[in-house]
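Coordinates in review
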Amino acid sequence: MPTIIALDVSLSMSRPIPNQPSSTGGSGSTESDNVLTYHHLAVQGINYVLDYLAKHARLEYVSLIIYSSLYEVVVDFTRDYDTIRNALHKIEHYDKTCLENVLVAVNNAFKAHWGSQNYCQIIFITDCGVGMGPSSLKNTIINIQTYKATCAAAAAAAAATSDGTKTTVTVGSNSAAIPPPGENQWVGFSYPSKLSFMCLGSLSTDSAFRCGTKLYMQLLEVSGQKGQLFIPRMKMKHEESGGDEPSPTTGEDGEDFVRQLTRASALESFASMCDTNYRQFEATLRCGGYFRLEEPITVWPAPLPYTARDVLGAETTKLMSRRLEVCGFLRMSDIGSPMSVSRHLILPRSVGGLTVGTSEQNEGGKPSTNGGLKNGHGHSSAEERLEADIKAFYAKSDAGDHHPHEDHGLDGTDVNKESVCVLLHGSLKVENMAALVHVGDNWYGFIYSYADGKKKWNLMLNVLPPGSDVVPWLGDLRYLGTLEDAFQGENPSFPIKADKRSYSQTIVVWIRHASLQSDIQKVLRHAKKLPEKTQHFYKELNRIRRAALSLGFVELLEGLAHIFEREISTLPLNASPDCSMQLTHAAIELRKTNNRDLKSIIHALPTQYNQLA
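This structure is a prediction, so every number in the text was calculated from the model and none was measured.

**As for the overall build of the chain**
Within the chain, the secondary structure is distributed over 16 helices and 20 strands. Sorting the 613 residues of the chain into buried and exposed places 38% on the buried side. Looking at the chain alone, contacts between residues at least 24 apart form 67% of all its contacts between residues at least 6 apart. Taken as a whole, the chain presents about 34,800 Å² of accessible surface, with 53% of it coming from carbon and sulfur.

**Points about the packing of aromatic side chains**
Inspection of every chain in the model, using the stated rule, returns 13 aromatic pairs. With a centroid separation of 5.8 Å and 55 degrees between ring planes, the pair formed by Phe537 and Phe564 is classed as tilted. Linking Phe537 in helix H14 (residues 534–551) with Phe564 in helix H15 (residues 555–569), this pair joins segments that are 27 residues apart in sequence. The exposure classification of Phe537 matches that of Phe564, with both residues buried.

**Points about the sheet that holds strand S20 (residues 457–463)**
As summarised here, the arrangement of the seven strands in space is S10-S11-S15-S20-S19-S18-S14, forming a closed barrel in which the pairing is mixed. Taken pair by pair, the neighbouring strands of this sheet meet at an average axis angle of 40 degrees, ignoring direction. The pairing of strand S10 (residues 281–287) with strand S11 (residues 293–300) spans seven bridges and is antiparallel. From the neighbouring strand, Glu282 faces S11, where its bridge partner is Thr298. Seen against the sheet, helix H12 (residues 420–431) touches S10, S11, strand S14 (323–331), strand S15 (342–348), strand S18 (433–440), strand S19 (443–451) and S20 and runs at an angle of roughly 90 degrees to S20.

**As for the sheet that holds strand S1 (residues 3–8)**
Strand order in the open sheet formed by six strands is S3-S2-S1-S4-S5-S6, with mixed pairing between adjacent strands. If you trace the sheet from one side to the other, it starts and ends with strand S3 (71–78) and strand S6 (227–230), each paired once. In this sheet, adjacent strand axes meet at a mean angle of 15 degrees when their direction is disregarded. Here strand S4 (residues 120–126) runs beside strand S5 (residues 193–199); their pairing, made up of seven bridges, is parallel. What sits directly across from Ile123, in S5, is Ser196. Of the strands in this sheet, S1, strand S2 (62–67) and S4 touch helix H2 (residues 38–56), which is tilted by about 170 degrees from S1. Lying over the sheet, helix H3 (residues 81–88) contacts S2 and S3, oriented at roughly 155 degrees with respect to S3.

**Structural notes on the pattern of salt bridges**
As enumerated under the stated definition, the model contains 13 salt bridges in all. A salt bridge links Arg85 to Asp51; the shortest N-O distance between them is 2.6 Å. Of this pair, Arg85 sits in helix H3 while Asp51 sits in helix H2; the two residues are 34 residues apart in sequence, bridging distant segments of the chain. Exposure remark for Asp51: the relative accessible area of 43% places this residue in the partly exposed category. Linking Glu565 and Arg591 is a salt bridge whose minimum nitrogen-to-oxygen distance equals 2.7 Å. Of this pair, Glu565 sits in helix H15 while Arg591 is found in helix H16 (residues 577–591), placing the two residues 26 residues apart along the sequence.

**Observations concerning H15**
The terminal C-alpha atoms of H15 lie 22 Å apart, and with 15 residues this matches the ideal 21 Å at 1.5 Å per residue to within 8%. Within H15, the full set of buried residues consists of Leu556, Leu557, Leu560, Ala561, Ile563, Phe564 and Glu567. Relative to the axis of H15, the buried residues are bounded by an arc of 165 degrees and lie together on one face. Facing away from the buried side of H15 by more than 90 degrees, the exposed set consists of Glu555, Arg566 and Ser569.

**Brief notes about empty space enclosed by the protein**
All told, the structure shown has one cavity of 30 Å³ or more when counted by the stated rule. By volume, the largest cavity amounts to about 80 Å³. Here the lining of the largest cavity is composed, by residue class, of eight nonpolar, three polar and two charged.

**Points about H14**
Between its first and last C-alpha, H14 extends 26 Å over 18 residues, near the 26 Å set by a 1.5 Å rise per residue. Thr534, Phe537, Tyr538, Glu540, Leu541, Asn542, Arg543, Ile544, Arg545, Ala547, Ala548 and Leu549 are the residues of H14 that are buried. Considering only its buried residues, H14 is in contact with helix H13 (513–527), H15 and H16. Looking one or two places after H14, you find Gly552, whose phi comes out positive at around 75 degrees.

**Section: the packing of H2 against helix H9 (residues 263–277)**
The N-to-C vectors of H2 and H9 enclose an angle of 35 degrees; their axes lie 10 Å apart at closest approach. Of the two possible hands of crossing, H2 and H9 adopt the one that is right-handed. Across the interface between the two elements, Leu41, Gln44, Gly45, Ile46, Tyr48, Val49 and Tyr52 of H2 pack against Arg263, Ala266, Leu267, Phe270, Ala271, Met273, Cys274 and Asp275 of H9. Looking at the contact of H2 with H9 residue by residue, the classes come out as eleven nonpolar, two polar and two charged.

**What to know about the pairing of S20**
Burial analysis of S20 places six of its seven residues in the buried class, the great majority of the element. Direction of pairing for S15 relative to S20: antiparallel, over a ladder of four bridges. Bridging across to S20, Arg343 finds its partner in Asn462. For S19 and S20, the ladder comprises seven bridges, and the chain directions are antiparallel. When the sheet's bridge partners are listed, Ile447 is paired in S20 with Leu461.

**Points about the confidence of the model for the chain**
Here the chain shows a mean pLDDT of 76. Residues at 70 or above account for 75%. Segment residues 353–379: pLDDT under 50, and 54 contacts once partners within four positions in sequence are set aside and those in other chains are kept. Predicted confidence is poor over residues 497–504, with pLDDT under 50, and the contacts of this stretch with residues over four places away or in other chains come to two contacts.

**Examining unusual backbone geometry**
In this model, Trp300 is joined to Pro301 through a cis peptide bond whose omega is -10 degrees. In this structure, Pro301 sits in the loop between S11 and strand S12 (306–309). The phi torsion at Cys128 lies on the positive side, around 65 degrees, for a residue other than glycine. Along the polypeptide, Cys128 turns up in the loop between S4 and helix H5 (137–161). Positive phi values are uncommon outside glycine, yet Asn432 reaches one of about 55 degrees. Assignment of secondary structure puts Asn432 in the loop between H12 and S18.

What counts, and at which threshold
Residues numbered from 1 in each chain as written. Predicted model: local features only at pLDDT ≥ 70, side-chain atom pairs only at ≥ 80, totals over all residues. Heavy atoms only, no water. Helix = DSSP H or I, 4+ residues; strand = E, 2+ residues; numbered from the N terminus. Buried < 20%, exposed > 50% of the residue type's maximum accessible area, 1.4 Å probe, protein only. Contact = heavy atoms within 4.5 Å. Areas by Shrake-Rupley, 256 points an atom, 1.4 Å probe, with all protein chains shown as cover. Phe/Tyr/Trp six-rings, centres within 6.5 Å; stacked < 30°, edge-to-face > 60°. Pairing = 2+ DSSP bridges. Axes fitted to C-alpha atoms, helices over the stretch in contact; angles between N-to-C directions. Salt bridge = Lys/Arg side-chain N within 4 Å of Asp/Glu carboxyl O. Expected span 1.5 Å × (residues − 1). Arc of directions from axis to C-beta. 1 Å grid on protein atoms, 1.4 Å probe; cavity = no way out; pocket = protein on both sides within 12 Å on 5 of 7 lines; lining within 4 Å. Points joined across faces, edges and corners; volume = space filled by probe spheres on them. Nonpolar A, V, L, I, M, F, W, Y, C, P; charged D, E, K, R; others polar. Left-handed = near helix turned anticlockwise from the far one by under 90°. pLDDT = per-residue confidence, 0-100.

See the structure below:
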């Protein structure tokens, strides 16, 4: 889940923050060097974001872009956050703000590196400047509204003119009628993303900032972009400084308020943004039947809500469960490459400084009084309490003179505690298998060992689309069983093999133009050798016709008829008369509507040359 940080470097960002103390001390420094500006707060906010990612999301790729009327990619996508920190000290300020140019640049830069299927976090840090002239934010909003209205009118006109026609014509006319956006026009990102604006300013004292935040919010609404504005909140005096500093302003009710932007309130908004956008998805991985193995894990990146749309257009949103349960194991060769929603890394997570599976202590480190805890909750059933007692029994040492602190680390953690992630990773890698995991209500996925490089292996979660029958060659996942469940006389092999192998059948594959062209040329080669190749000619012709009808490629039949008619005029003088007769007959049969049935077969025309009369 890459992140793009866009920093506003217009002249307004170099303004000093009103009623703020100097950023640095010292008697030798001038007042202009010590003043706290909006740019200083932005740099501190970026450093806070980088520190947060280094602690909670070390695998995150980050790119830094600066913009004013133009833009510049200062640091491309990297995991070396020190490079971005060093680049922040070399940034200069330029002219006015132009948001649309950098939005187009962000859209193109992400698609060039990651394509249109990946999810992106986009963070804009600005004082909500709206710009001036044709490149202002207000004109950008008007252009988006105009483009949306044009697309709606074009779609309505295309739908009105295509009434009573075929569905294929309607779809094609709609796609052709909707005009594409301009080269430097932004109408929304073409990939799943979230746009966050870090607004540096005070709503209570800055009227220009209030107007800017309204336009930025309107931009998100008009474009339909998922996003949010993070604005520093106004605090009480004693909440901000504990009453030690003088209050900049006083409210009407006599209560002192911090109405100006401060360093603490700005960093608090950055902390709120990080907690909202980069919150870790913490879950529990469970494996086994009665004696369950379980471990707290972190799923990275955090899975997004899956929205499914049925035939009637109704949308249903599903969330991944916080408890992932292993249902069974399959070989990687049997699974193949099914369609997946997303892929995630599974990382082990320690709870409260203790290793996983501890049943004697709760999350706060206090002894449990209800027979042990499981996932931070009390054992609600007798079965779970009995399971915890069995785990505690097997965890005891067999030797009576065993030192009580021998198997514990310096921090009190038990180094001999089981780790489900380590167990699964090693076994799946050696056996070349995958674990079928239940990730939600009627929702499944696969866990397997994946190599990011030659030496680095990870535990990967491949999430399937919701449903139990989403992998056709496996059938319904709810009814998968072991070999012991099979009846006597059943085929124990899995998956069930067909009596006739697929490669011995006449299968047509037209993924590339060359495959289709070679099949047509094969038919023409047989046609030029008539009447000796009459049977081969009609065999290949019927094979192509069935494939075209199966794919809905009806236009190919008309194209073949034109090719046959053209070949008649180019036949040499010494060609057999049967060539022109069979080609004319084939062209006529291809155009008949009754031959559009897959079961129908085009037979050869009986002539004296092929001795079929």
